[in-house]
Each structure stands twice: as structure tokens, then as C-alpha cells.
Amino acid sequence: MKETRILFICLGNICRSPAAHGIMEEFVKRAGLSETIHIDSAGIGSWHIGKLPDSRMRAHAADRGYDLLHKARLFNPHTDFDNFDLILVMDEENYTNIIHQAHNAQERQKVRYLAEYLCHHPQYRIIPDPYYGGADHFELVLDLIEDACHGLLDTLVSAQ
Ligand code: 4NP
């Protein structure tokens with residue numbers, strides 16, 4: 001199988017993208033593909049650089065068996081477009097921000113919505129920001145991310 005490098009993007013890199021990072025890493029590990037599919041995450045805002053994921057997201061993810069240990073970092077347009085094959089964003093704000101940092105069409109083609117890979121939530125086009133929401137928002141985000149990461153892994157495996 002072809003080596004694939006995936007970067008998940010959200011606004012703060014403390015809720016949605018580190019959750020997608022940890023969940024996809026777990027699915028890849030269970031599939032025995034850790035040597036082939038490489039995962040990272042980054043944010044477009046610099047407020048939380050160096051911090052662990054939001055404690056609410058860590059707690060909700062831990063309830064589902066995921067240990068989220070990524071330290072927030074900023075998206076770097078000078079290295080991340082080269083270093084990743086697929087740059088998966090959560091919402092329109094992320095998409096617009098990253099597309100505007102791309103240098104050419106080849107880089108723009110790497111940027112996709114994670115929600116494109118949803119199988120069981122066809123009504124969602126984005127993964128909504130849970131930061132100002134309650135526990136139900138965090139649970140919904142995890143439901144969506146688990147669904148999309150299953151779809152993403154299936155897509156990568158069947159493309160080979
Ligand atoms: P994330 O959530 O983009 O999923 O990490 C947010 C985290 C922090 C803020 C907004 C959204 N913030 O405004 O600090």
C-alpha cells in the first residue's frame with residue numbers, strides 16, 4: 001500500500017483536529033497500517049500552541065478509549081503542503097484559510113473537508129466547532145469524526 005501522510009486541521013488544534021488525529025491513529029494501528037499511514041494535526045489560530053487538547057475533549061475521547069496527547073501547533077504553509085498528501089479541514093473557515101495559504105493548484109488539491117468521508121451522517125457538510133458548546137456538542141463531534149475516519153480508512157485501503 002502507498003505511503004500516505006494526512007494532516008487534520010481545525011481552528012485551535014485543541015478540540016476537533018487532535019481528536020481526528022488520535023482516532024485515525026487508533027484506527028490505522030488496529031488495521032496494522034501504522035508504518036504506511038502517517039497522521040498529524042495543526043491549527044490556524046495560535047492561541048493554544050504547545051497545549052494538550054481541551055480537557056473536555058480529552059475526557060469525552062477517553063470515555064471512548066482514545067488518549068489524546070497531541071500538543072497544539074500552527075499550520076505551516078512552507079512545510080505542511082510538502083509534507084502531507086491530504087490536508088483535511090473541519091469547516092468553511094478552515095478551508096478558506098488553508099486554501100488562501102496554498103501556493104499553487106497542486107497544493108490546493110490536497111485540501112478537502114473531512115466530512116466528505118462521512119457514511120452515516122449524510123446531512124453534515126462540516127464538523128462543527130464544539131468549543132462554546134456543551135457535552136452533547138463534544139459527543140456529536142466524536143460521532144462525526146469516528147464515522148468520517150472509518151470512511152477515510154476504507155477509501156485509502158480500497159484505493160490501493
Ligand atoms: P477547535 O476548537 O478548532 O476544534 O480546536 C476551538 C478551540 C479554541 C477556540 C475555538 C475553537 N478558541 O476560540 O480559542
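Look above for the structure.
Residues numbered from 1 in each chain as written. Predicted model: local features only at pLDDT ≥ 70, side-chain atom pairs only at ≥ 80, totals over all residues. Heavy atoms only, no water.

So, the overall build of the protein
Point 1. A tally of helices and strands in the protein yields six helices and four strands.
Point 2. Going from N to C terminus, the protein has its helices and strands arranged as β-α-β-α-α-β-α-α-β-α.
Point 3. Since a compact globule built from 160 residues should have a radius of gyration of about 15 Å, the 14 Å found for the protein is in line with a globular shape.
Point 4. Here the C-alpha coordinates of the protein stretch approximately 40 × 35 × 30 Å along the principal axes. (Helix = DSSP H or I, 4+ residues; strand = E, 2+ residues; numbered from the N terminus. Rg over C-alpha atoms; globule rule 2.2 N^0.38 Å.)

Observations regarding the sheet that holds strand β2 (residues 37–43)
In a beta sheet, neighbouring strands are held together by backbone hydrogen bonds and run either parallel or antiparallel to one another.
Point 1. Read across the sheet, four strands follow the order β2-β1-β3-β4 without closing on themselves; strand pairing throughout is parallel. Strands at the two margins of the open sheet, each flanked by one partner only, are β2 and β4 (111–113). Each neighbouring strand pair of the sheet contributes to a mean axis angle of 30°, computed without reference to strand direction.
Point 2. Pairing geometry for strand β3 (residues 86–89) and β4, over three bridges, is parallel. Note that in β4 the partner of Ile-87 across the bridge is Val-111.
Point 3. Here helix α4 (residues 92–101) sits on the sheet in contact with β1 (4–10), β3 and β4, set at roughly 175° to β4.
Point 4. Here helix α6 (residues 135–158) sits on the sheet and contacts β1, β2 and β3; the angle it forms with β1, its principal contact strand, is near 155°. (Pairing = 2+ DSSP bridges. Axes fitted to C-alpha atoms, helices over the stretch in contact; angles between N-to-C directions. Contact = heavy atoms within 4.5 Å.)

Overview of the site of the ligand
Point 1. Around the ligand lies a shell formed by Cys-10, Leu-11, Gly-12, Asn-13, Ile-14, Cys-15, Arg-16, Trp-47, His-48, Asp-129, Tyr-131 and Tyr-132.
Point 2. Between the ligand and Ile-14, the relevant distance is 3.0 Å, taken from an oxygen atom to a main-chain nitrogen or oxygen of the residue.
Point 3. For the ligand, an oxygen atom lies 2.8 Å from a polar atom in the side chain of His-48.
Point 4. Protein coverage of the free-state accessible area of the ligand, which is 350 Å², stands at 92%.
Point 5. Here the residues of the shell around the ligand are counted per class, giving seven nonpolar, three polar and two charged. (Near = heavy atom within 4 Å. Polar contact = N/O pair within 3.5 Å; in protein donor to acceptor, adjacent residues only side chain to side chain. Areas by Shrake-Rupley, 256 points an atom, 1.4 Å probe, with all protein chains shown as cover. Nonpolar A, V, L, I, M, F, W, Y, C, P; charged D, E, K, R; others polar.)

Quick notes on the packing of helix α2 (residues 55–63) against α6
Point 1. As a packed pair, α2 and α6 sit with axes 10 Å apart at the nearest point and diverge in direction by 60°. Between α2 and α6, the crossing angle belongs to the class labelled oblique. Regarding α2 and α6, the two cross each other, and that crossing is right-handed. Along its contact with α2, which presents Arg-56, Met-57, His-60 and Ala-61, the element α6 presents Ala-135, Phe-138, Glu-139, Val-141 and Leu-142.
Point 2. Looking at the contact of α2 with α6 residue by residue, the class counts come to six nonpolar, one polar and two charged. (Parallel < 35°, antiparallel > 145°, perpendicular 65-115°, else oblique. Left-handed = near helix turned anticlockwise from the far one by under 90°.)

Re the packing of aromatic side chains
Point 1. Counted according to the given criterion, the structure contains four aromatic pairs.
Point 2. Consider the rings of Phe-75 and Phe-81, whose centres lie 5.2 Å apart with planes at 85°: the pair is edge-to-face. Of the two residues examined, Phe-75 and Phe-81, each falls in the buried class.
Point 3. Positioned over the ring face of Tyr-131 is Arg-56, at 5.3 Å from the centre of the ring. (Phe/Tyr/Trp six-rings, centres within 6.5 Å; stacked < 30°, edge-to-face > 60°. Buried < 20%, exposed > 50% of the residue type's maximum accessible area, 1.4 Å probe, protein only. Lys NZ or Arg CZ within 6 Å of the ring centre and 35° of its normal.)

What to know about the packing of helix α1 (residues 16–30) against α6
Any two packed helices are characterised by the angle at which their axes cross and by the distance between the axes.
Point 1. Running from N to C, α1 and α6 point in directions that differ by 45°, and their axes come no closer than 9 Å. Viewed along their axes, α1 and α6 adopt a mutual orientation that is oblique. When you trace α1 past α6, the crossing you get is right-handed. Touching Arg-16, Ala-19, Ala-20, Ile-23, Met-24, Phe-27 and Val-28 of α1 are Val-141, Leu-142, Ile-145, Glu-146, Cys-149, His-150, Leu-152, Leu-153 and Leu-156, all from α6.
Point 2. Of the residues belonging to the contact of α1 with α6, the class tally is 13 nonpolar, one polar and two charged.

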